[in-house]
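Residues per chain, in single letters:
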Amino acid sequence: MASSTAMKLTLVALLCVVVALPLAQAITCGQVTSNVSPCLNYVKNGGAVPAACCSGVGNLNALANTTPDRQTTCNCLKQLAGSMKGINPDLAAGVPGKCGVNVPFKIGPSTDCATVK
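Attention in this report is confined to the structure presented alongside it. What you are looking at is a predicted structure, and each value in this text was computed from that prediction instead of being measured. (Residues numbered from 1 in each chain as written. Predicted model: local features only at pLDDT ≥ 70, side-chain atom pairs only at ≥ 80, totals over all residues. Heavy atoms only, no water.)

## Things to note about the overall build of the chain
Right, on to step 1. Of the regular secondary structure elements, the chain holds six helices and zero strands.
Right, on to step 2. Written out in order from the N terminus, the α and β elements of the chain read α-α-α-α-α-α.
Right, on to step 3. Buried residues in the chain amount to 26% of all 117 residues. (Helix = DSSP H or I, 4+ residues; strand = E, 2+ residues; numbered from the N terminus. Buried < 20%, exposed > 50% of the residue type's maximum accessible area, 1.4 Å probe, protein only.)

## Regarding helix α4 (residues 51-63)
Right, on to step 1. Its 13 residues give α4 an end-to-end C-alpha distance of 18 Å, which sits within 8% of 18 Å, the value for a rise of 1.5 Å per residue.
Right, on to step 2. Those residues of α4 lying buried are Cys-53, Cys-54, Gly-56, Val-57 and Leu-60. Projection of α4 onto a plane perpendicular to its axis shows the buried side chains occupying an angular sector of 160 degrees, all on one side. Seen from the buried face of α4, the exposed residues on the opposite side, beyond 90 degrees, are Ala-51 and Ala-62.
Right, on to step 3. Where α4 is buried, its residues meet α2 (29-36), α5 (67-83) and α6 (89-98). (Expected span 1.5 Å × (residues − 1). Arc of directions from axis to C-beta. Contact = heavy atoms within 4.5 Å.)

## Comments concerning the state of the cysteines
Right, on to step 1. One pass over the structure, following the stated rule, counts four disulfides.
Right, on to step 2. The residue that forms a disulfide with Cys-74 is Cys-113, at a sulfur-sulfur distance of 2.0 Å. Between Cys-74 and Cys-113, the disulfide has an S-S torsion of -70 degrees and is therefore left-handed. With a gap of 39 residues between them, Cys-74 in helix α5 and Cys-113 in the segment after α6 connect regions that are remote in the sequence. (Disulfide = S-S within 2.5 Å.)

## A look at the packing of α2 against α4
Right, on to step 1. The geometry of α2 relative to α4 is characterised by a closest axis approach of 7 Å and an angle of 150 degrees between their N-to-C directions. When the axis of α2 is compared with that of α4, the two are roughly antiparallel. The segment α2 lies against α4, with Gln-31, Val-32, Asn-35 and Val-36 engaging Cys-53, Gly-56, Val-57, Asn-59, Leu-60 and Leu-63. (Axes fitted to C-alpha atoms, helices over the stretch in contact; angles between N-to-C directions. Parallel < 35°, antiparallel > 145°, perpendicular 65-115°, else oblique.)

## Here we look at the packing of α2 against α5
Right, on to step 1. As a packed pair, α2 and α5 sit with axes 9 Å apart at the nearest point and diverge in direction by 65 degrees. Where α2 crosses over α5, the two elements pack in a sense that is right-handed. Residue-level contacts link Cys-29, Val-32, Thr-33 and Val-36 of α2 to Thr-73, Cys-76, Leu-77, Gln-79 and Leu-80 of α5.
Right, on to step 2. Taken together, the residues of the contact of α2 with α5 sort by class into six nonpolar, three polar and no charged. (Left-handed = near helix turned anticlockwise from the far one by under 90°. Nonpolar A, V, L, I, M, F, W, Y, C, P; charged D, E, K, R; others polar.)

## Focus: the environment of Gly-86
Right, on to step 1. Structurally, Gly-86 can be placed in the loop between α5 and α6.
Right, on to step 2. For Gly-86, a relative accessible area of 52% puts it in the exposed group.
Right, on to step 3. In this structure the C-alpha to C-alpha distance between Gly-86 and Leu-40, which are 46 residues apart in sequence, comes to 9.7 Å.
Right, on to step 4. Residues contacting Gly-86, with those up to four places away along its chain left out, are Val-43 and Lys-44.

Limitation: the analysis is restricted to geometry and does not speak to function.
Have a look at this one:
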(Lines give C-alpha, C1' and ligand atoms only; values in the text may rest on other atoms or scores of the structure.)
Protein backbone atom coordinates (compact mmCIF):
# COMPACT_ATOMS: atom_id res chain seq x y z
CA MET A 1 0.00 0.00 0.00
CA ALA A 2 2.81 2.39 0.91
CA SER A 3 4.59 1.72 -2.37
CA SER A 4 1.38 2.48 -4.28
CA THR A 5 1.09 5.85 -2.51
CA ALA A 6 4.76 6.58 -3.14
CA MET A 7 4.32 5.71 -6.81
CA LYS A 8 1.30 8.02 -7.11
CA LEU A 9 3.19 10.88 -5.43
CA THR A 10 6.14 10.32 -7.74
CA LEU A 11 3.87 10.42 -10.79
CA VAL A 12 2.15 13.60 -9.57
CA ALA A 13 5.55 15.24 -8.95
CA LEU A 14 6.77 14.19 -12.40
CA LEU A 15 3.60 15.52 -14.01
CA CYS A 16 4.09 18.86 -12.24
CA VAL A 17 7.64 19.09 -13.58
CA VAL A 18 6.57 18.21 -17.13
CA VAL A 19 3.72 20.74 -17.09
CA ALA A 20 5.86 23.51 -15.57
CA LEU A 21 8.88 22.91 -17.80
CA PRO A 22 7.54 24.73 -20.90
CA LEU A 23 6.55 27.70 -18.74
CA ALA A 24 10.02 27.91 -17.27
CA GLN A 25 11.57 27.96 -20.74
CA ALA A 26 9.60 30.92 -22.11
CA ILE A 27 11.83 33.53 -23.68
CA THR A 28 12.31 36.84 -21.88
CA CYS A 29 13.06 40.37 -23.05
CA GLY A 30 16.33 40.09 -21.14
CA GLN A 31 17.35 37.18 -23.36
CA VAL A 32 16.28 39.09 -26.46
CA THR A 33 18.26 42.17 -25.42
CA SER A 34 21.39 40.24 -24.53
CA ASN A 35 21.32 38.38 -27.85
CA VAL A 36 20.85 41.46 -30.03
CA SER A 37 23.00 43.91 -28.08
CA PRO A 38 26.06 43.14 -30.26
CA CYS A 39 23.98 44.40 -33.23
CA LEU A 40 23.18 47.84 -31.82
CA ASN A 41 26.19 49.67 -33.23
CA TYR A 42 25.50 48.19 -36.67
CA VAL A 43 21.79 49.11 -36.73
CA LYS A 44 22.69 52.67 -35.75
CA ASN A 45 25.76 53.27 -37.90
CA GLY A 46 25.92 50.57 -40.59
CA GLY A 47 29.20 49.01 -41.68
CA ALA A 48 30.00 45.36 -41.26
CA VAL A 49 27.66 43.18 -39.23
CA PRO A 50 29.70 41.89 -36.26
CA ALA A 51 30.08 38.12 -35.92
CA ALA A 52 28.75 38.40 -32.33
CA CYS A 53 25.60 40.01 -33.74
CA CYS A 54 25.02 37.09 -36.11
CA SER A 55 25.72 34.63 -33.34
CA GLY A 56 23.14 36.36 -31.14
CA VAL A 57 20.53 36.51 -33.90
CA GLY A 58 21.00 32.82 -34.64
CA ASN A 59 20.77 31.95 -30.96
CA LEU A 60 17.67 34.07 -30.54
CA ASN A 61 16.04 32.43 -33.55
CA ALA A 62 16.74 29.01 -32.03
CA LEU A 63 15.36 30.07 -28.64
CA ALA A 64 12.15 31.45 -30.14
CA ASN A 65 10.86 28.11 -31.38
CA THR A 66 7.17 28.45 -30.49
CA THR A 67 4.55 30.96 -31.58
CA PRO A 68 4.34 32.59 -28.11
CA ASP A 69 8.15 32.86 -28.00
CA ARG A 70 8.28 34.45 -31.45
CA GLN A 71 5.52 36.89 -30.48
CA THR A 72 7.38 37.76 -27.27
CA THR A 73 10.61 38.21 -29.23
CA CYS A 74 8.83 40.47 -31.70
CA ASN A 75 7.35 42.62 -28.91
CA CYS A 76 10.69 42.82 -27.11
CA LEU A 77 12.47 43.90 -30.30
CA LYS A 78 9.86 46.60 -30.89
CA GLN A 79 10.19 47.83 -27.30
CA LEU A 80 13.97 47.86 -27.54
CA ALA A 81 13.93 49.72 -30.85
CA GLY A 82 11.43 52.24 -29.48
CA SER A 83 13.60 52.92 -26.44
CA MET A 84 16.77 53.65 -28.42
CA LYS A 85 17.49 56.66 -30.56
CA GLY A 86 19.18 56.46 -33.94
CA ILE A 87 18.21 52.94 -35.00
CA ASN A 88 17.92 52.61 -38.77
CA PRO A 89 14.85 50.38 -39.35
CA ASP A 90 16.13 49.22 -42.74
CA LEU A 91 19.46 48.11 -41.27
CA ALA A 92 17.66 46.37 -38.41
CA ALA A 93 15.31 44.54 -40.78
CA GLY A 94 18.26 43.36 -42.87
CA VAL A 95 20.30 41.85 -40.03
CA PRO A 96 18.82 38.31 -40.18
CA GLY A 97 19.42 38.09 -43.93
CA LYS A 98 22.99 39.37 -43.61
CA CYS A 99 23.55 36.73 -40.93
CA GLY A 100 21.99 33.92 -42.98
CA VAL A 101 19.18 33.48 -40.45
CA ASN A 102 15.62 32.95 -41.68
CA VAL A 103 13.30 34.82 -39.29
CA PRO A 104 9.62 33.96 -39.85
CA PHE A 105 8.42 37.56 -39.55
CA LYS A 106 9.35 40.99 -40.87
CA ILE A 107 11.31 43.02 -38.35
CA GLY A 108 10.05 46.58 -38.23
CA PRO A 109 8.16 49.17 -36.24
CA SER A 110 4.91 48.41 -38.07
CA THR A 111 5.02 44.64 -37.47
CA ASP A 112 1.88 43.36 -35.72
CA CYS A 113 3.45 40.92 -33.29
CA ALA A 114 0.06 39.32 -32.54
CA THR A 115 0.03 37.93 -36.08
CA VAL A 116 3.49 36.37 -35.83
CA LYS A 117 3.30 32.59 -36.05
